[in-house]
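Structural description and commentary
Here are the chains, one letter per residue:
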Amino acid sequence: MQNYNFPDIDGHFGPYGGTFVAETLIEALDELKEMYAKYRDDKDFLAEFNHDLKHFVGRPSPIYFAERLTNKIGGAKIYFKREDLNHTGAHKVNNTVGQALLAKKMGKPRVIAETGAGQHGVATATIAARLGLECVVYMGAEDVKRQSPNVYRMKLLGATVIPVESGSKTLKDALNEALRDWVTNVSNTFYIIGTVAGPHPYPMMVRDFNSVVGKEAITQMDELVGSQPDAVVACVGGGSNAMGIFYPYISFKDTRLIGVEAAGDGIETGRHAAPLTANSPIGVLHGNRTYMMQNEEGQIIETHSVSAGLDYPGVGPEHSWLKDIGRAEYVAIKDDEALAAFHNLCRTEGIIPALETSHAIAYAEKLAKEMGPDKTILVNLSGRGDKDINTVAGIAGIKI
Amino acid sequence: MSRIEQVFKDLKKQNKKALIPFITAGDPSVDLTLKILHQMVKSGADMIEIGIPFSDPMADGPVIQRASERALANNVGIKKTFEIVKDFRSTNKTTPIILMGYANPIEAIGLDQFLTLCKDSDIDGVITVDYPPEESENYVKKLKEINVDAIFLLAPTTEKQRIEKIIKQASGFLYYVSLKGVTGAQNIDIDQVKGRVHEIKELTNLPVAVGFGVRDPETAKKVAEFSDAVVIGSRIIQEVESSSEDNLIPNIASIVESIKEAI
């Protein structure tokens, strides 16, 4: 994998990715491609980006050896990349800082975003406030209910949150609605997509901005452990935290890359959000071609996961490609397994993880048992779980 | 000569413009879709655009999205859409039918089956909203092989160079999106649309249809003065949504007639 060089000039990762949008969006995407190409390697832009990552976000995020968890599981050593310690509580902010800076360079006074769990919405509202940009966040009405603390957080930060009542009222519908806003207000608006999906150049750009996670991890593992992990584990909804940590590791052939999808009630029940694990058909949605949960006539089907951030029928096109070429493996964890890992981590390590992240932890626990004590696993601890306490309490029948 | 070409040629002789009403297949029901299609022809539709229901119609506004949701609730998807057209064709062999849809249902049933169904139902043209020319070379080639026109959208933001590129792939007619937004949005700027349509016409002999913001006879009349065809979509779907079953056909007849008269 020394020569891994994707996407191609038109945004394709093998057969995946691309630019599948209405003509009304082409001009905006062309402008974005041009500007991102200009700033991607621009020294001043990168200096500004890195400055904000350090002083506003609090990077680098530490690597932490989860010693009590490791001892309790009894197997490979488990390390965490602590993205939960970032400002706003998740990896999502890395990308929003980058895109908002680009919006500012492009002279767009208004930013919009879609959000599932609310982490990307909060991260966008946060950076918009910092840069003095107007901010509108689209969120499925169902998710507005599930994630009320984040909704209020966005409002405190001055953003307008618009509940989306169409379709399944979740992340995919929020994305549809944000695309519609963008088409309508294209001249003054920058669309900050929160995951490695969407039309080119978004999958590449979001990956690039998040790849700070993997780059730091490579240096830190070297310093702290003296070697690179045998496996890197990250949860995958759209797949931005996973792409962020996987990408710099692609050329490290001895490191397994494992993406953990949401199996919901179980793959066999059909109530899940795991297109890669379930080998869903290839489809076209939200501007790119990728594995997609759909019926035999191409209608997108409703997904299910206890975690709003993983509740998405597709997956970033680069993950589809990494699966096909065998560079990354994809597995799935059920709701109840993720919840068990959530509670376990709270009490074992004093860390309340996001429900999304809990899927990665649950799989790392299984993997650690199989791997033996001389091996190491690095889990991307992508976000903290403060936002999920209502959901978790609700499942336990507790009202808080 | 294709049916679409014939229609434009005949109208030109009479110094008239084409009216293209839109309806989503299966909304409000399969039977009523068929009745609406025939009524539209009676009321003066020169061609008809039929939406293939899709769960995630990103380029459409809320009105047409709800039409898709109603159709899907009636179990109408891409295959049933073709069946409806086939039924329509059993008694109407002259009115051009243009399908409007998104890439995913087409890819889900597979291009070969899609082409076969287009032939079986005698489709005249296809608008595939999220297939820009860059991603659809093979698709357009295959459509041309079976004499189905690939109709492309042009946006207010589409630059001249790109218009030229699209024209090379397009056939039948070009569909100019009259505003920055989704289907059914309000208030188009007639002068701006006029300027753009003129620019397009300088580059091609293909007819230019205007749609996305035309809601009443007055606007249609103004648009028809400088374009070759007017598309009416959300306004008709609103009628489908709000009319009782008894009034539905007469209400649609009256909208189509009033616009036909104006252009």
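The coordinates are above.
Now for a look at the structure at hand.

Some words on the environment of Thr124 of chain A
Residues and elements named next belong to chain A. Within the secondary structure, Thr124 sits in helix 5 (residues 119-131). As for Thr124 and Ile192, which are separated by 68 residues in sequence, their C-alpha atoms are 7.5 Å apart. Side-chain polar atoms of Thr124 contact the backbone oxygen of His120, separated by 2.8 Å.

Quick word on the nonpolar core
Counting 192 residues, the largest nonpolar core has Phe246 of chain A together with Phe114 and Phe173 of chain B as the members making the most contacts within it. Ignoring anything within four residues of it in the chain, the contact list for Phe114 of chain B reads Ile78, Phe82, Ile106, Ile109, Val126, Tyr139 and Leu143 of chain B.

Here we look at empty space enclosed by the protein
One simple way to see leftover space: roll a probe sized like a water molecule over the atoms. Under the criterion given, the structure shown has seven cavities of 30 Å³ or more. Estimated volume of the largest cavity: approximately 360 Å³. Forming the walls of the largest cavity are 30 residues, and the residues nearest its centre are His91, Lys92, Ser240, Gly309 and Glu356 of chain A. Residue assignment for the lining of the largest cavity shows that the elements contributing at least two residues are strand 5 (110-115), helix 5, helix 8 (171-184), helix 11 (240-246) and helix 14 (355-371) of chain A. Classifying every residue of the lining of the largest cavity gives nine nonpolar, 17 polar and four charged. Approximately 210 Å³ is the volume found for the second largest cavity. Lining the second largest cavity are 23 residues, and of these Asp60, Ile64, Tyr175, Thr183 and Phe212 of chain B sit closest to its centre. Of all elements in the fold, only strand 9 (229-232) and helix 11 (234-242) of chain B reach the threshold of two or more residues within the lining of the second largest cavity. In terms of residue class, the lining of the second largest cavity is made up of 14 nonpolar, five polar and four charged.

Concerning a nonpolar patch on the surface
On the surface, a nonpolar cluster with roughly 380 Å² of combined accessible area is contributed by Ile352, Ile389, Ile398 and Ile400 of chain A. Summarising the element assignment, Ile398 of chain A is placed in the segment after helix 15 (389-395).

Structural notes on the interface of chain A and chain B
The partner chain B presents 38 residues to the 32 residues of chain A that form the contact. For the pairing of chain A and chain B, the buried interface totals around 2800 Å² over both sides, and the portion due to carbon and sulfur atoms is 49%. When the buried surface of chain A facing chain B is broken down by residue, Glu23, Arg180 and Glu297 of chain A rank first, second and third, together holding 25% of it. Inspection of the region where chain A meets chain B yields three salt bridges. Here Lys172 of chain A makes a salt bridge to Asp56 of chain B, at a shortest N to O gap of 2.9 Å. Between chain A and chain B we count 18 residue pairs in polar contact (both at pLDDT 80 or more) in total. Counting residues per element, the ones that place at least two in the side of chain A that touches chain B are strand 2 (16-20), helix 1 (23-39), helix 8 and strand 11 (282-285) of chain A. Per-element accounting of the side of chain A that touches chain B gives the leading share, seven residues, to helix 8 of chain A. In terms of residue class, the side of chain A that touches chain B is made up of ten nonpolar, 14 polar and eight charged.

Criteria and thresholds
- Residues numbered from 1 in each chain as written.
- Chains lettered and ligands numbered in written order.
- Predicted model: local features only at pLDDT ≥ 70, side-chain atom pairs only at ≥ 80, totals over all residues.
- Heavy atoms only, no water.
- Helix = DSSP H or I, 4+ residues; strand = E, 2+ residues; numbered from the N terminus.
- Polar contact = N/O pair within 3.5 Å; in protein donor to acceptor, adjacent residues only side chain to side chain.
- Core = buried A, V, L, I, M, F, W, Y, C linked by side-chain atoms within 4.5 Å.
- Buried < 20%, exposed > 50% of the residue type's maximum accessible area, 1.4 Å probe, protein only.
- Contact = heavy atoms within 4.5 Å.
- 1 Å grid on protein atoms, 1.4 Å probe; cavity = no way out; pocket = protein on both sides within 12 Å on 5 of 7 lines; lining within 4 Å.
- Points joined across faces, edges and corners; volume = space filled by probe spheres on them.
- Nonpolar A, V, L, I, M, F, W, Y, C, P; charged D, E, K, R; others polar.
- Patch = residues over 30% accessible without salt bridge, like charges linked within 9 Å, V, L, I, M, F, W, Y side chains within 5 Å.
- Areas by Shrake-Rupley, 256 points an atom, 1.4 Å probe, with all protein chains shown as cover.
- Salt bridge = Lys/Arg side-chain N within 4 Å of Asp/Glu carboxyl O.
- Buried area = accessible area lost by both parts, 1.4 Å probe.

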